[in-house]
Amino acid sequence: MTASTTASVAPAGDAPHAENRSFWLSEEQRLDQLAQLAMWPGGQKAVDRLAAQGKRSVRELISMLIDPGTEFYELSRIAGFGMDYPGVEDVPCGGLVTGIGKIHNNWTMIFANDSRVKAGTYFPITLKKHMRAQAIAERCGLNCVYIADSGGAFLPMQADVFPDDQHFGSMFYNMARMSAQGLKQITLSTGGNTAGGAYIVFMACQSVMIDQKAYSFLGGPPLVKMATGEEISAEDLGGARVHTQVSGGADHFCTTQDEAIARVREILCLEKPRQVQIQRFEARPPSVSPEQIYDLLPAAIHQGIDMRAVLQCLADDSMFSEYKRDYAPGRGDNIVAGKMRIQGLPVGVIASNSVGIIFVEAARKATEWIVRCSQEKIPLLFIQSSPGYMVGSESEHMGIGKYGSDMVRAVSCAQVPRIQLVLGPDNGAANYGMCGRAYRPHFLFHTMRSRTSVMSGRSAAGVLLSIEERKRKARGNPMSEEEKQAFSEKMINKYDGEAHPFYCGARLLSDRVLKFSEMRDWLAMAFEVSLLKGIGDPSFGNFRF
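Residues numbered from 1 in each chain as written. Predicted model: local features only at pLDDT ≥ 70, side-chain atom pairs only at ≥ 80, totals over all residues. Heavy atoms only, no water.

**Brief notes about the overall build of the protein**
Next, step 1: Helix and strand content of the protein: 21 helices and 16 strands.
Next, step 2: Here the C-alpha atoms of the protein give a radius of gyration of 25 Å, agreeing with the 24 Å that 2.2 N^0.38 yields for 545 residues.
Next, step 3: Principal axes of the C-alpha set define a box for the protein whose edges measure 75 × 65 × 50 Å.
Next, step 4: Of the roughly 22,700 Å² that the protein leaves accessible, carbon and sulfur atoms contribute 51%.
Next, step 5: Taking the 58 positively charged and 58 negatively charged side chains of the protein as two groups, their mean positions are separated by 4 Å. (Helix = DSSP H or I, 4+ residues; strand = E, 2+ residues; numbered from the N terminus. Rg over C-alpha atoms; globule rule 2.2 N^0.38 Å. Areas by Shrake-Rupley, 256 points an atom, 1.4 Å probe, with all protein chains shown as cover. Lys, Arg positive; Asp, Glu negative; His and termini not counted. Charge placed at Lys NZ, Arg CZ, Asp CG, Glu CD.)

See the structure below:
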């Protein structure tokens, strides 16, 4: 994985701050527009259709479910866009709303099928989103509430959603395992739940159904007639009265959505209050406004950044206690390490700085700090803006492979909560050493400045063009200058397009694309949720020091 050495850092006080701010606010408007499409599939007409059925939209129900005046931290809003499944161009929001909110002051994971998107059926991206939320809930020890209104698997893609691990059955496997751990699984059925979707009701610790609106059955009336010849209505087959008063498959009978929401809150009202398992200090705002991040981050993605200035916008009192600040200037300080507090929570920081290329010295410093924070049981924040580890004979002879591997080992084995925030290039093995998705961070956030791919479009175009030129020359058909230009542009567009936060967010390679102004609050929530479970003792494999 290569890293370019051509990027530069704008001198302090000389950056075009106004241009940066204007550019990023414009980019975040694009994010808002996409989020609007995700949150309002079908527009007002779809909302009116729900109202005619006596139903509210899922986000209205969620706002009623969580504690008054608190925020719902919605995950993966832009999932499903551009997935291009058979007969379907987009699956807005993946057809499923997931996120974290407080119910009786306890953080709770909430799932809600959006019946406005293909009747709440499950596409591959829906399953991935559902199980990502379950993975967060299990890892952090959160109770779960499912607002269920689903037609089950998207049948034209049954081979991609039904039989395998991480397919439909894994949702119920996860519910069973979390319930066994004492994590409540509560289902509120607001509509039809057919076939596999019925198990969302039946697998719950307690389930609530709404009269004349909620149905749950392994086979609906058409399938029953075909299989047995019996003709029966949905209500008589598996309505709320049947399952709460006859079969016992559900537990609570309600007549309206409002009553049902109140019943779910009642079920959870006696849950033991959860506290963070770490010393929490008094929360204090930064002395430097978080809004200044818009000025500090260059519009040019591959231009380096002053990470110390960014950290002042995120840390309580803008205080950052840095580790080895003076070690190997120009090489070791391409990663900044140290401690800060976010809303009173102590956090260890590993952050790309300047052009972000990871030299041997930076890798060694990062590894040391990851191990130290693990020993002190301090959670880790990785702020990623790196095009990769340094390459070339000098770096190879100094042991970049060895020390880069040590950094990857430390990231892999650190037992403390780990969160990644991407503020720039996220390429090659730097994605690994800075705790990318494969290293299972508790949460992973992108921004409109993030670019996640094996390498930049320009680097990929150069590598692939040289290969194509050799192949064409060997066949006696060398490329013309026009062909070379067209090939390079095609590769640049492909790689840069696939690195964009919209592309990555649609495929759930991030848990949320954050605005710069949201970062501090979202990081505070993520660390608080991640610290509800105690931190175990450190255990690392063999380093190559």
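The discussion continues.
**With respect to the environment of Arg 364**
Next, step 1: Secondary-structure assignment places Arg 364 in helix H14 (residues 360-376).
Next, step 2: A C-alpha to C-alpha distance of 8.8 Å links Arg 364 and Phe 545, two positions 181 residues apart in sequence.
Next, step 3: Sequence-distant contacts of Arg 364, that is, excluding residues within four places in its chain, are made with Tyr 327 and Tyr 403. (Contact = heavy atoms within 4.5 Å.)

**Structural notes on the nonpolar core**
Next, step 1: If you look at the biggest cluster of nonpolar residues, it comprises 108 residues, and the most contacted ones within it are Met 109, Ile 350 and Leu 381.
Next, step 2: In terms of residues, this core owes the most to one element, helix H21 (residues 519-530), which gives 8 residues.
Next, step 3: Sequence-distant contacts of Ile 350, defined by excluding residues within four places in its chain, comprise Ile 335, Val 336, Ala 337, Ala 366, Trp 369, Ile 370, Leu 380, Leu 381, Phe 382, Ile 383 and Met 434. (Core = buried A, V, L, I, M, F, W, Y, C linked by side-chain atoms within 4.5 Å. Buried < 20%, exposed > 50% of the residue type's maximum accessible area, 1.4 Å probe, protein only.)

**As for the pairing of strand S4 (residues 143-150)**
Next, step 1: Extensive coverage of S4 is indicated by the burial of 8 of its 8 residues.
Next, step 2: Burial along S4 is two-sided: the face carrying Asn 143, Val 145, Ile 147 and Asp 149 and the face carrying Cys 144, Tyr 146, Ala 148 and Ser 150 are both buried.
Next, step 3: For strand S3 (residues 106-113) and S4, the ladder comprises 5 bridges, and the chain directions are parallel. For Ile 110, the partnering residue across the bridge sits in S4 and is Val 145.
Next, step 4: Traced from S3 through helix H4 (residues 124-140) to S4, the parallel crossover comes out right-handed.
Next, step 5: When S4 meets strand S5 (residues 185-194), the two strands line up parallel, connected through 6 bridges. Looking at the pairing, Ala 148 lines up with Ser 189 of S5. (Pairing = 2+ DSSP bridges. Right-handed = clockwise from strand over helix to strand, strands pointing away.)

**Here's the deal with the packing of H4 against helix H6 (residues 168-180)**
Two quantities define a packed helix pair, namely the angle between the helix axes and the distance between the axes.
Next, step 1: One way to put it is that H4 packs onto H6 with a least axis distance of 10 Å and a crossing angle of 15°. Here H6 runs roughly parallel to H4, going by the angle between their axes. H6 is crossed by H4, and the crossing has left-handed handedness. From H4, Leu 127, His 130, Met 131, Gln 134, Ala 137 and Glu 138 reach across to H6, where they touch Phe 168, Ser 170, Met 171, Asn 174, Met 175, Arg 177 and Met 178.
Next, step 2: A per-class count over the contact of H4 with H6 returns 7 nonpolar, 4 polar and 2 charged. (Axes fitted to C-alpha atoms, helices over the stretch in contact; angles between N-to-C directions. Parallel < 35°, antiparallel > 145°, perpendicular 65-115°, else oblique. Left-handed = near helix turned anticlockwise from the far one by under 90°. Nonpolar A, V, L, I, M, F, W, Y, C, P; charged D, E, K, R; others polar.)

**As for the environment of Leu 183**
Next, step 1: Take Leu 183: it is sitting in the loop between H6 and S5.
Next, step 2: Owing to a relative accessible area of 8%, Leu 183 belongs among the buried residues under this scheme.
Next, step 3: Remark: the alpha-carbon pair of Leu 183 and Cys 144, spanning 39 residues in sequence, is separated by 7.3 Å.

**Comments concerning the pattern of salt bridges**
Any two side chains of opposite charge can pair if their charged atoms end up close together.
Next, step 1: In the structure shown here, the tally under the stated rule is 34 salt bridges.
Next, step 2: The closest approach of N and O atoms between Lys 184 and Glu 271, which form a salt bridge, is 3.3 Å. Here the residue Lys 184 occupies a position in the loop between H6 and S5, and Glu 271 occupies one in the loop between helix H11 (257-267) and helix H12 (293-296), the gap between them amounting to 87 residues.
Next, step 3: Looking at Lys 184, the relative accessible area reads 29%, which means it is partly exposed.
Next, step 4: Among the residues examined, Glu 271 registers a relative accessible area of 21% and is labelled partly exposed.
Next, step 5: Close ionic contact of Glu 469 with Lys 484 constitutes a salt bridge, the shortest N to O distance being 3.0 Å. Linking Glu 469 in helix H18 (residues 457-474) with Lys 484 in helix H19 (residues 481-499), this pair joins segments that are 15 residues apart in sequence.
Next, step 6: Take Glu 469: its relative accessible area is 28%, and that puts it in the partly exposed class.
Next, step 7: Taken together, the shared-partner salt bridges in this structure form one network comprising Arg 21, Glu 291 and Asp 295. (Salt bridge = Lys/Arg side-chain N within 4 Å of Asp/Glu carboxyl O.)

**Side note on a positive patch on the surface**
Next, step 1: A grouping of Arg 364, Lys 402, Arg 409 and Arg 544 is seen on the molecular surface, where their side chains present a positively charged patch.
Next, step 2: Since its relative accessible area comes to 34%, Arg 364 is described here as partly exposed. (Patch = residues over 30% accessible without salt bridge, like charges linked within 9 Å, V, L, I, M, F, W, Y side chains within 5 Å.)

**Quick look at H6**
Next, step 1: Inspection of H6 places Phe 168, Ser 170, Met 171, Phe 172, Asn 174, Met 175 and Met 178 among the buried residues, and these make up the whole buried set.
Next, step 2: Structurally, H6 contributes buried residues whose contacts are with H4, S4, helix H5 (158-161), S5 and helix H7 (199-202).
Next, step 3: Once H6 ends, the next one or two residues include Gly 182, with phi positive near 90°.

**Let's talk about the confidence of the model for the protein**
Next, step 1: In the predicted model, the protein carries a mean pLDDT of 94, and the fraction of residues at 70 or more is 97%.
Next, step 2: Predicted confidence is poor over residues 1-13, with pLDDT under 50, and the contacts of this stretch with residues over four places away or in other chains come to 28 contacts. (pLDDT = per-residue confidence, 0-100.)

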